[in-house]
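Residues per chain, in single letters:
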There are 2 protein chains.
Amino acid sequence: MRLRNRFANLLHLSAWKFTPYQILALGFAGLIMIGTLLLMMPITAVNGQGLSLVDALFTATSAVCITGLVVVDTGSHFNLFGQSVIIFLIQIGGLGIMTMATLMALVIGRKIQLRERLVMQEALNHMTVAGVVRLTQSIIISTLVIEFIGGTILAIRWYPDLGLTGIYFGYWHAVSSFCNAGFDLFGNFHSLTNYVDDTIINLTVTSLIILGGLGFTVIFDVWNHRKWQDFSLHTKLVLFTTIILLALGTLVILLLEINNPATLGTLSWKGKILASYFQSVTLRSAGYNTVSVVDMQDATIFFMVILMFIGAAPTSTGGGIKVTTMSILIAAVWALIRGKNDAEIFQRRISQRLIYKAFTLVFLSTALVVIVTMMMSIIQSESFLKILFEVVSAFATVGLSLGITSTLTMQGKIVMIITMFAGRVGLVTLALALALRTKRAKVQYPEGKIIIG
Amino acid sequence: MRLRNRFANLLHLSAWKFTPYQILALGFAGLIMIGTLLLMMPITAVNGQGLSLVDALFTATSAVCITGLVVVDTGSHFNLFGQSVIIFLIQIGGLGIMTMATLMALVIGRKIQLRERLVMQEALNHMTVAGVVRLTQSIIISTLVIEFIGGTILAIRWYPDLGLTGIYFGYWHAVSSFCNAGFDLFGNFHSLTNYVDDTIINLTVTSLIILGGLGFTVIFDVWNHRKWQDFSLHTKLVLFTTIILLALGTLVILLLEINNPATLGTLSWKGKILASYFQSVTLRSAGYNTVSVVDMQDATIFFMVILMFIGAAPTSTGGGIKVTTMSILIAAVWALIRGKNDAEIFQRRISQRLIYKAFTLVFLSTALVVIVTMMMSIIQSESFLKILFEVVSAFATVGLSLGITSTLTMQGKIVMIITMFAGRVGLVTLALALALRTKRAKVQYPEGKIIIG
Ligand SMILES: [K+]
Ligand SMILES: [K+]
């Protein structure tokens, strides 16, 4: 409790008696409310008709939670003002959670150090007020610099085709890419399908997505230390699993879709590889697509569901249960199979407690996805796999769609709004809450024996 | 190692240098081979044409692993001899794994007692050769008594309708029910749909299924102690979760299907409730059905997939990851959410190690289901949910089918044969192997810090 209060003190909010989780949840809810009101205003729409309450709420939630699912097409429904509102919500939503989560991760890191007197591998800054301000500044400045560089490249690429609109598109999509938001302005739910074999756009957008999905704990560590052996365990694990998952995703998509005429079949070899890579990257929770996802094979779609569920790195703009969570669980299973008592990653022991937390996160996430999928398949008369895909896409803040979201009923929209919020704010809050938990049981019962399996 | 060897000694097999797992796997593989050869013989078939190798292998695997998925209809393809071969494979397969697993559970129980000096709640017999023989005798006699009683009730019910065939059907289906095998002789893949509102058949068959799915550790405990407070933790947990899951299954199926004209819609209230209850029971891995499962709503089918995956109790004829495994994981998650250090069930502490093992079992099971589902959706051109259902049905040895199994391609059949074997023999072996694991790591690395979620 002492440190939680300390953290609240840092934010000058202790007088209001909110826990950090409540601050986080309320902050996001407030931002969504503001966004909803703005998007309901007629001056945001090309046709002069503001969105209905539920559509505005859906769009604002999707933007703030950087999900990217849309009930109206961003490019054709919204005018410049509406589009600006959306990119603003994305930037605040993406930055907000990254900053909060990064700060809290450091607080938690400190807490572990103080309480359990472990030899910490990472050098943590003192969490003074000045430190918090400095770190927040670093995060904001780095975000703007990365988005500016990416945006400039895209603007240069699009200027010849689209003129001034091209420059606007460049920076707008750079923000949307780095924030893993997945919103686009190309109209008709086209996303980036027109640029399937454009090397510059593919590499720029994917680089922004990957950087956003690494999180600032990793970006700063790499920036400060440069050498692999100096990186923290967390950084090493995030980089390693990100590369593995990107490669695996590219390979499986390429293999399963190589002869599918509606997706990769008609593309050149360069196009096939670029498109497989792009779709693999986008699953880490960006939500853009360059080929038609709905035309993919069931096996590919199911594979994508798994990768979306895993998601990106913690304290990033990516969603899902996170690559670190998955790695810890795989390490735990591997250790048990090999008859070892402790799970190990890069020659570091993973505590039973951390495994326990990782498992809890996955268990609750799975339960949520299962329940929401059941509800949605009662509400919507669509094929099961499509519903599962859309639910996981919402939960993991990916935003890829097989076309269901634009045809949702009112109840369907409300369920999906809750899912998007739970998947972003709920999951990050849960992870933080779990990380802070160390209360001891007062009564310890004798150990019981149960047969499993 | 000492106790593993001791167990092998008990079985007089130590000279061959097989581990208990290998004995178990090889025994089942051998039984499947014998069954396959028999079912390929023309004298087993009504039309005088023995099954092809792959169909015979599929049927024998399904019988020995008490799965119940069939590529040819048992009632119309096989003659009396063929049907006898199948019920023999079911009885040996069902009894064999129950006996082996029960014995091993006791050995493991003893081992824990000796090694870790815990206060054991359960009174365990000394594992002398005489003790093993006595326990095995008890299991076999109890099985035959239960099957005889159930069979007699069914025979009396069917005799007026079917004459001598009715008596044969009574005992045959009693064995298939108690063994949770799900094979039936009613022809045309009809299962028990003709008896949807027949109270005697419904209650007799479901009682046999439930008893078989409790396992002898529970049946003997209840038989010997009679009172709830005298039951072992394992028994209490199995009974509690079985009742919860049966009630939940009945309720959800009733609610979701109540107005579906193809399933419960046209039935009387008694029929609706009986049918919901029967379908709930059958998911615990019997595989009979009294209404058309393929006509159920997607939400119901998905719900059934979850219940099938959970399955029944360990050391029973039921499949799945087992109710105890699921309960341990829920208790673990609940403890962490409430900020407690230890998971507790009925005022007994659950060791971190047991939670770890339960999680590993679920993780590997999920991975298998995901990979097989992906493979099957590449091989077969059926809807995703149907494939998922069929794969989980095979893995959890349920045997319910949405009709895919009878139209499988050669590759599909082979994948499903492997899945059935892995789901029964593999899973029980894995659970035993995990239970016996206590090796210590030689090097203990310093604890690492990773951010999850
Ligand atoms: K997204
Ligand atoms: K079965």
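All residue numbers refer to positions counted from 1 along the written sequence of the respective chain. Lettering of chains starts at A and numbering of ligands starts at 1, both following the order in which they are written. Given that this is a predicted model, residues contribute local features only at a pLDDT of at least 70 and side-chain atom pairs are listed and counted only at 80 or more, while totals for whole chains, interfaces and linings are drawn from all residues. Here the side-chain values reflect all heavy atoms present in the structure, with hydrogen atoms and water set aside.

As annotated in an unreviewed UniProt entry, chain A carries the name Trk system potassium uptake protein TrkH and is attributed to Pelosinus propionicus DSM 13327. UniProt positions are given in the numbering used here, feature names are shortened, and annotations may be inferred rather than shown by experiment. According to its UniProt record, chain A has this under Subcellular location (unreviewed entry): "Cell membrane".

Tell me about the overall build of chain A, residues and numbers included.
Secondary structure counts use DSSP, requiring at least four H or I residues in a row for a helix and at least two E residues in a row for a strand, with both numbered from the N terminus. Helix and strand counts for chain A come out as 16 helices and two strands. Relative to its 453 residues, chain A shows a buried fraction of 61%. In chain A, once contacts between residues fewer than 6 apart in sequence are set aside, the share between residues at least 24 apart is 70%. Here the open area of atoms and residues is found with the Shrake-Rupley method and a 1.4 Å probe, where only the protein chains shown may cover a residue. A total accessible area of about 17,600 Å² is found for chain A, and carbon and sulfur atoms account for 66% of it. Burial status follows relative accessibility: with a 1.4 Å probe on protein chains alone, a residue under 20% of its type maximum counts as buried, one over 50% as exposed, and anything between as partly exposed. For this analysis, residues touch if any pair of their heavy atoms sits within 4.5 Å.

Lay out the coordination of the potassium ion (ligand 1) with the relevant residues and their values.
Residues and elements named next belong to chain A. Listed as protein donors to the potassium ion (ligand 1) are Ile 66 (O), Thr 67 (O), Asn 180 (O), Ser 285 (O), Ala 286 (O), Thr 397 (O) and Val 398 (O); their distances from the metal cover 2.5 to 2.9 Å. Donor criterion used throughout: N, O or S atom within 2.8 Å of the metal, extended to 3.2 Å for Na, K and Ca. Water excluded; incomplete-looking sites may result. Considered as a linear motif, the donors of the potassium ion (ligand 1) on their single chain read I-T-x112-N-x104-S-A-x110-T-V. Of this pair, Thr 67 sits in the loop between helix 3 (53-64) and helix 4 (74-77) while Asn 180 sits in the loop between helix 7 (164-178) and helix 8 (199-214); the two residues are 113 residues apart in sequence, bridging distant segments of the chain. For the pair Thr 67 and Asn 180, one class covers both residues: buried.

Provide a residue-level description of the coordination of the potassium ion (ligand 2), including the pertinent values.
All names here are of chain B. Listed as protein donors to the potassium ion (ligand 2) are Ile 66 (O), Thr 67 (O), Asn 180 (O), Ser 285 (O), Ala 286 (O), Thr 397 (O) and Val 398 (O); their distances from the metal cover 2.5 to 2.9 Å. Motif for the potassium ion (ligand 2), donor spacing along one chain: I-T-x112-N-x104-S-A-x110-T-V. Taken together, the positions of Ser 285 in the loop between helix 11 (269-282) and helix 12 (298-310) and Val 398 in the loop between helix 15 (384-395) and helix 16 (410-436) put the pair 113 residues apart, joining distant regions of the chain. Here Ser 285 and Val 398 have matching classes, each one buried.

Residues and numbers for the packing of aromatic side chains, please.
Residues and elements named next belong to chain A. Centre distance within 6.5 Å is the pairing criterion for rings of Phe, Tyr and Trp, where only the six-membered ring of Trp is used; planes under 30 degrees apart are then read as stacked, over 60 as edge-to-face, and the remainder as tilted. With the rule as written, the count across this model stands at 30 aromatic pairs over all chains. Seen in terms of ring centroids, Phe 148 and Tyr 171 are 5.8 Å apart; in terms of plane orientation they differ by 20°. Their pairing is stacked. Here Phe 148 is found in helix 6 (residues 129-162), whereas its partner Tyr 171 is found in helix 7, with 23 residues between them in sequence. Given a relative accessible area of 52%, Phe 148 falls into the exposed group.

Got a sec to walk through the side chain of Glu147(A)? Specific residues and values, please.
Residues and elements named next belong to chain A. Note on placement: Glu 147 falls in helix 6. A polar contact of 3.2 Å, which involves the side chain of Glu 147, links it to the side chain of Gln 91. When residues no more than four places from it in sequence are discounted, the contact partners of Glu 147 are Gln 91, Tyr 171, Ala 174, Val 175, Phe 178 and Cys 179. Between N or O atoms, a polar contact is any pair within 3.5 Å; within protein, one atom must be a potential hydrogen donor and the other a potential acceptor, and residues adjacent in sequence are included only when both atoms are from side chains.

Any chance you could break down unusual backbone geometry for me, citing the residues and the numbers?
Residue and element names in this part refer to chain A. With phi around 50°, Asn 180 is a residue other than glycine that occupies positive phi space. The phi angle at Thr 315 is positive, at roughly 55°, despite the residue not being glycine. Here Thr 315 lies in the loop between helix 12 (298-310) and helix 13 (323-337).

Just give me the short version of the nonpolar core, but keep the residues and values in it.
The biggest cluster of nonpolar side chains holds 285 residues, and the ones touching the most others in it are Ile90(A), Phe389(A), Ile90(B) and Phe389(B). If we skip the residues at most four places from it in the chain, Phe389(A) touches Val293(A), Ile301(A), Met304(A), Val305(A), Met308(A), Leu400(A), Ser401(A) and Leu402(A). Side-chain atoms within 4.5 Å link the members of a nonpolar core, which is a set of buried Ala, Val, Leu, Ile, Met, Phe, Trp, Tyr and Cys residues.

Tell me about the pattern of salt bridges, residues and numbers included.
Residue and element names in this part refer to chain A. Here a salt bridge means any side-chain nitrogen of Lys or Arg lying within 4 Å of a carboxyl oxygen belonging to Asp or Glu. The final tally for this structure, using the stated rule, is six salt bridges over all chains. Between Arg 157 and Asp 161 there is a salt bridge whose closest N-O contact spans 3.1 Å. Note that Arg 157 and Asp 161 are positioned in helix 6 at a spacing of four residues, about one turn of the helix. Residues participating in the shared-partner salt-bridge network are Arg 157, Asp 161 and Asp 198.

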